[in-house]
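Residue-level structural notes
The residues making up each chain are set out below.
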Amino acid sequence: TTLMRHFAMYFRRVLSDSFYPGLLPAIGVGSAFEGWSPREQDVVYQVLIPLIAPRGHRFHPELGTEEQRHLRNFHVRVQLECTCSREQRGKNTLCFLHHPEEELRTEQDPSLLETLCTDSYLDVEKTARWLYQLVRAVWRAVVQSHTWHLVLLPSSRSCQFKVTNGRESYRIEVLFGVRRDWSHVYVSSQPRQACTSSTIWPESYAVAERRFFRYIALQAPPDSLHLKCLQFFTRLQLGLGFSTYTFKTIMMHQLSVVPPSLWGTRYFVRRLTDISESLRTSVEVRHLTHFIVGNQTLPEGISLPPDVLMAGSLNLFHDLVMDPVAHSQAMCQY
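Just so you know, these numbers come straight off a predicted model, no measurement behind them.

1. A word on helix H8 (residues 226-236)
All of the buried residues along H8 are His 226, Cys 229, Leu 230, Gln 231, Phe 233 and Thr 234. Contacts from the buried residues of H8 go to helix H7 (206-219), helix H9 (244-257) and helix H10 (268-285).

2. Observations concerning the domain arrangement of the protein
Taken domain by domain, the protein comprises domain 1 (1-205) and domain 2 (220-333). In this structure, domain 1 and domain 2 have C-alpha centres spaced 30 Å apart. The partner domain 2 presents 22 residues to the 17 residues of domain 1 that form the contact. Here domain 1 packs against domain 2, burying approximately 1700 Å² in sum over the two surfaces, 60% of which is carbon and sulfur. For the pair domain 1 and domain 2, the interface holds 3 salt bridges. A salt bridge links Glu 34 to Lys 248, with the shortest nitrogen-to-oxygen separation between them at 3.0 Å. If you look at where domain 1 meets domain 2, you find 6 residue pairs in polar contact (both at pLDDT 80 or more).

3. Things to note about the packing of H8 against H9
Packing of H8 against H9 leaves a shortest axis separation of 9 Å and a crossing angle of 155°. Considered as vectors, H8 and H9 are oriented roughly antiparallel to each other. Crossing geometry of H8 relative to H9 is assigned as right-handed. From H8, His 226, Cys 229, Leu 230, Phe 233 and Thr 234 reach across to H9, where they touch Thr 244, Phe 247, Lys 248, Met 251 and Leu 255.

4. Looking at the environment of Asp 319
Note that Asp 319 resides in helix H12 (residues 318-322). With a relative accessible area of 58%, Asp 319 lands in the exposed category. Residues Asp 319 and Val 138, 181 residues apart in the sequence, show an inter-C-alpha distance of 44 Å.

5. Let's talk about the side chain of His 57
With respect to the helices, strands and loops of the structure, His 57 is situated in strand E4 (residues 57-63). Within the local environment of His 57, its side chain forms a polar contact with the backbone oxygen of Arg 55, the two atoms lying 3.0 Å apart. A distance of 3.0 Å separates the side chain of His 57 from the backbone nitrogen of Leu 112, its partner in a polar contact.

6. What about the packing of H9 against H10?
One way to put it is that H9 packs onto H10 with a least axis distance of 10 Å and a crossing angle of 115°. In the crossing of H9 with H10, the sense of the turn from one axis to the other is right-handed. In contact with Thr 246, Phe 247, Ile 250, Met 251 and Gln 254 of H9, H10 contributes Asp 274, Ile 275, Ser 278 and Leu 279. The residue makeup of the contact of H9 with H10, split by class, is 5 nonpolar, 3 polar and 1 charged.

7. Looking at the pattern of salt bridges
Pairs may arise between side chains of opposite charge once their charged atoms sit close together. In this structure the tally under the stated criterion is 15 salt bridges. The shortest N-O distance in the salt bridge between Glu 203 and Arg 72 comes to 2.4 Å. Highlighted residues: Glu 203 in strand E12 (residues 201-204) and Arg 72 in the loop between helix H3 (66-71) and strand E5 (73-80), separated in sequence by 131 residues. Side by side, Glu 203 and Arg 72 carry an identical accessibility label, which is buried. Arg 105 is the partner of Glu 102 in a salt bridge, and the nearest nitrogen-oxygen pair spans 2.7 Å. Within this pair, Glu 102 and its partner Arg 105 are both found in helix H4 (residues 101-107), separated by 3 residues, close to a single helical turn.

8. Description of the side chain of Lys 248
With respect to the secondary-structure elements, Lys 248 resides in helix H9. If we skip the residues at most four places from it in the chain, Lys 248 touches Glu 34, Trp 36, Glu 209, Phe 213 and Leu 230.

The rules behind each value
Sequence order as written defines the numbering, with residues in each chain counted from 1. In keeping with the model being predicted, local features are shown solely for residues with a pLDDT of at least 70 and side-chain atom pairs are shown and tallied solely at 80 or more, while totals for entire chains, interfaces and linings include all residues. Side-chain calculation: all heavy atoms of the structure are included, whereas hydrogens and water are not. For the exposure calls, accessible area comes from a 1.4 Å probe over protein chains only, and a residue counts as buried if that area is under 20% of its type's maximum, exposed if over 50%, partly exposed in between. Helix and strand labels come from DSSP, where a helix needs a run of H or I of at least four residues and a strand needs a run of E of at least two; each type is numbered from the N terminus. Working rule for contacts: check all heavy atoms of both residues, and any pair within 4.5 Å makes them a contact. An automatic or database domain assignment supplies the start and end points of every domain. The term buried area denotes the loss of accessible surface (1.4 Å probe radius) that occurs when two parts are joined, taken as the sum for both partners. We count a salt bridge whenever a side-chain nitrogen from Lys or Arg sits within 4 Å of a carboxyl oxygen from Asp or Glu. Polar contact is the term for a pair of N or O atoms within 3.5 Å; when the atoms are in protein, one must be able to donate a hydrogen and the other to accept it, and sequence-neighboring residues count only if both atoms are side-chain atoms. To define axes, lines are fitted to C-alpha atoms, for helices over the stretch in contact only, and angles between the resulting N-to-C directions are given on a 0 to 180 degree scale. For classification, angles of less than 35 degrees are called roughly parallel, those exceeding 145 degrees roughly antiparallel, those between 65 and 115 degrees roughly perpendicular, and all remaining angles oblique. A crossing counts as left-handed when the near helix is turned anticlockwise from the far one by less than a right angle, and as right-handed when that turn is clockwise. In this classification, the charged set is Asp, Glu, Lys and Arg, the nonpolar set is Ala, Val, Leu, Ile, Met, Phe, Trp, Tyr, Cys and Pro, and all remaining amino acids, among them Gly, are polar.

Dropping the structure here:
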């Protein structure tokens, strides 16, 4: 957390007068920050950095085709805005919309459309390469560089690196995204499928889910074992066909209906049985409801965009409905 805070300080300095996206402070997401990493000896610390459009630009997330709508995949259209107003004059910024192209080409840096976009859409892979270059450029200025060694790791849709000091090692994955409607939902660089187009930004609920786990932590008794239950099943399923997110979703549903007082030590086996039974039922009926999308009973303090709040049920086991063989395999794995 301290390292990412220092990075954010230098990012602001480097990008303050540029036409690249602004980078807001990183938000810790995922299992490491929620407290249930399935592999404690090999933790990946995921952080999400919100992007904001530079001056003269606007980000406009657009839901994709019919198939992408089911998957809730977005494109981020980059639109140019007029900067001819009185407030902009002090910045000596030429207007990308109203100044001649020749003058823009000779007097001003290229717009974001010319650097990190493909066909007017923000490109995930170009943005990831730019972020790698930025991390490399500011590392020497970050105080941790005096005692830690930085190793950049390959990734096409995020910026992954490891820092080591001889005794400790931390692996960090920097995701980036655009916030939707001032909510806790983002369109992010994290892919849901093996092959994802570089202009597709899947909708991410990681920040909302982190806030849900934080809410539960405040309600739970000191001996609550809800995180141990989740950790148990995510370790158990390694090598099987069920995803970690399947068990996380089941756990969030359980936490929303089972009172916090019933997650203490004495109820451990009962809660493990509940989770197992919930998985069995979900596989049998081929339906596991997404916890965030369409959930109108989330705790206060978790904000969703109107279309996410009012959306119909999103079935995470949609593939089992479409593929009888996959359904049979899932039953065997259960």
